[in-house]
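# Structural characterization, general
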Amino acid sequence: MRRREPEASLSRGIANLGDPHRVDRVRHALRRGDPVLIAALGASVTSDYAGIDGDSQALHPNVCAAALRQCGRGCRWVGWLQDTVDSLRTALPKAHVTAINCGLPGSPLSFAAPCLESHVPASADLVVVDAATIRSSPQSVEAILLRLLSLPRRPAVVLLHFFHWCATNRGCSAPAGIEPWSYAHMAANWLAGARMERDLTDLAAYYGLPALSLRAAHYHAALNATRAGESPGESLGHPRRLTKDGLHPTRRGNRQIAALLSSFLLASPQLPLSLSPPLSLPLPLPLPLPPPLHATSMRGAPPGASHVAEQCFGWSGPEAAPELERHEGWRLVNDHPAHRAASQRPGLVSSRPGSTVVVRLPAFHWARAAAEQGDGATAVEQGDAAADACSAPPAARADGPGQRAGSADARGAGNDARGAGGMLTVQYVSSSTHGMGMAELRCTVGCTCRPACLDARHRPAAEQSSVGSAGGSTVGRASEVPVQLHAPYCVVSLRLTHLANWTTPSSSTSSSSSSTGSSTAAPLRSRFKLTGLSLRSWPAGTAE
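One structure accompanies this document, and this report is about it. (Residues numbered from 1 in each chain as written. Predicted model: local features only at pLDDT ≥ 70, side-chain atom pairs only at ≥ 80, totals over all residues. Heavy atoms only, no water.)

What follows concerns the nonpolar core. Grouped together as the largest cluster of nonpolar side chains are 35 residues, with contacts concentrated most on Val120, Leu148 and Val157. Counting residues per element, this core draws most heavily on helix 8 (residues 138-149), which supplies six residues. When neighbours within four sequence positions are excluded, Val120 is seen to be in contact with Ala39, Leu41, Val63, Cys102, Val127, Leu148 and Leu151. Counting residues in hydrophobic clusters, the runner-up holds 34 residues, among them Leu361, Val429, Ala452 and Val492. (Core = buried A, V, L, I, M, F, W, Y, C linked by side-chain atoms within 4.5 Å. Buried < 20%, exposed > 50% of the residue type's maximum accessible area, 1.4 Å probe, protein only. Helix = DSSP H or I, 4+ residues; strand = E, 2+ residues; numbered from the N terminus. Contact = heavy atoms within 4.5 Å.)

Take a look at the structure:
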């Protein structure tokens, strides 16, 4: 008797069974009715075709912000991830499961690495990872898997390999006289998919992670349909019934993806897999992670750090907008949100010296642990409030592109057991055509740092790297400021101190009040533009 499609797909589609400890904890939580959060991370097959539940997405506003902007509260888009949630709720009425879409369209998995904790919620119980759609190096994938497995809830991680049915035969819309579904083309696509998946499945085997393959699950049914000469309209298994273009799924293709994933999570007792121990048995803790296969590095963390997290904030792309406590004299400029040139990226802009914007950034969970172990007091602003960091000689500021605007041994930035260590990166614009100024950054509440000067005045092209602008006249710059985190948040202030002509707050006020409009007034277009921030952190007590 022919088995039902989900069961047959599961038996073929398990590329690696993996260590059951983490997945079993998810299965038990589903059966008990405990809250379970699933996050999906991948490229366009995830971002555009997994579906979005706006209510679930809104519960995690600081992560996966791009999906929330597309589909907010009260909105629901269907797709394979939401179909998986529906299948789990149907099979297990007690299941309290939600899912959020963390896809990054058109991007390899490695694109998520710099700000992974802005792309995946720390409270995730299960992370479904697509790394086979766009190739990333095994080293970069391994680094991301290690960080996912080290999230606070020690989530289960499942690799889900999508398959391009027309990867080697110039697309599914072949020219006249070429049959895209010939046996030769089907076999070539099978081999191309196998090469894409091989390194990923090896990583899954090394770390004991389940890996599911759409290629292995559905290829043979599709091959039988095409060899039998069945048209797409006649056969449910024909590739053209499953995808729109060989890769991106149709509505039926979404349901097949959901059937494979949900069947594995449900672990049907009809399958020859002992994956569902009774609820009465205690579950063992996840096994310790083995040493990395590749020489992976944790960017920006001291050598002794066992884990590192990075959260990013801005006004474009997938990151969440930072929380503004106040922003007198600053405005959000978003004239060309799709333009990649640094001067046209959305950001906060001020042209009034003395104006201040105060930003509150959430810190990762070990900052909360450091606060609980300490005296519970939040940190206050460090240094002499009357001193202007931007009045120091340029050599003392050390705020060049990609350089630290403060030193680790500076007052308030020591890395000790009283707080989690961190690095705040501030992104801003430097330009010769827009007379950019200087701003002073200070840590005010929840964190400490040395006051830093961010100098956005134009410098010779040899000192800068151009970001999408002709002639190198406009560049994106970033300054790093070492911080110490004492609370689950870090509040920083940014005060515009000088404009392009070195106008000070006092002289700017007097000149602007003059009715003669003297030549000492700041240029009309002179300003400072903040385009983004990121906060890297690592556990307390790590020695630099």
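We now examine the pattern of salt bridges. Applying the stated criterion to the full structure yields 14 salt bridges. Here Arg442 makes a salt bridge to Glu440, at a shortest N to O gap of 3.2 Å. Residues Arg442 and Glu440 agree in their burial class; the two are buried. Residue Glu440 is joined to Arg495 by a salt bridge in which the shortest nitrogen-to-oxygen separation is 3.2 Å. Here Glu440 is found in strand 15 (residues 438-445), whereas its partner Arg495 is found in strand 19 (residues 489-498), with 55 residues between them in sequence. In this structure Arg495 comes out as partly exposed when scored by relative accessible area, which is 24%. Here the residues in one salt-bridge network are Asp53, Arg76 and Asp86, joined through shared partners. (Salt bridge = Lys/Arg side-chain N within 4 Å of Asp/Glu carboxyl O.)

We now examine the packing of aromatic side chains. To describe a pair of aromatic rings, you give the distance between the ring centres and the angle between the ring planes. Applying the stated criterion across every chain, the model contains seven aromatic pairs. Measuring from centroid to centroid gives 6.3 Å for Trp330 and Phe528, while their planes differ by 75°, and the two rings are edge-to-face. With Trp330 in the loop between strand 10 (323-328) and strand 11 (331-333) and Phe528 in strand 20 (residues 528-538), the pair connects residues that are 198 residues apart, well separated along the chain. Look at Trp330 and you get buried, because its relative accessible area is 5%. Using a relative accessible area of 0% as the deciding quantity, one classes Phe528 as buried. In this structure an aromatic cluster arises from ring pairing among Phe163, Trp165, Trp190 and Tyr219. (Phe/Tyr/Trp six-rings, centres within 6.5 Å; stacked < 30°, edge-to-face > 60°.)

A few words on the packing of helix 6 (residues 80-91) against helix 12 (residues 251-266). Interhelical geometry of helix 6 versus helix 12 gives an angle of 45° and a closest axis separation of 8 Å. In terms of orientation, helix 6 lies oblique with respect to helix 12. The two elements helix 6 and helix 12 meet at a crossing, and its hand is right-handed. Here Trp80, Asp83, Thr84, Ser87, Leu88 and Ala91 of helix 6 come into contact with helix 12, specifically with Arg251, Asn254, Arg255, Ile257, Ala258, Leu261, Ser262, Leu265 and Leu266. Considering only residue class, the contact of helix 6 with helix 12 consists of eight nonpolar, four polar and three charged. (Axes fitted to C-alpha atoms, helices over the stretch in contact; angles between N-to-C directions. Parallel < 35°, antiparallel > 145°, perpendicular 65-115°, else oblique. Left-handed = near helix turned anticlockwise from the far one by under 90°. Nonpolar A, V, L, I, M, F, W, Y, C, P; charged D, E, K, R; others polar.)

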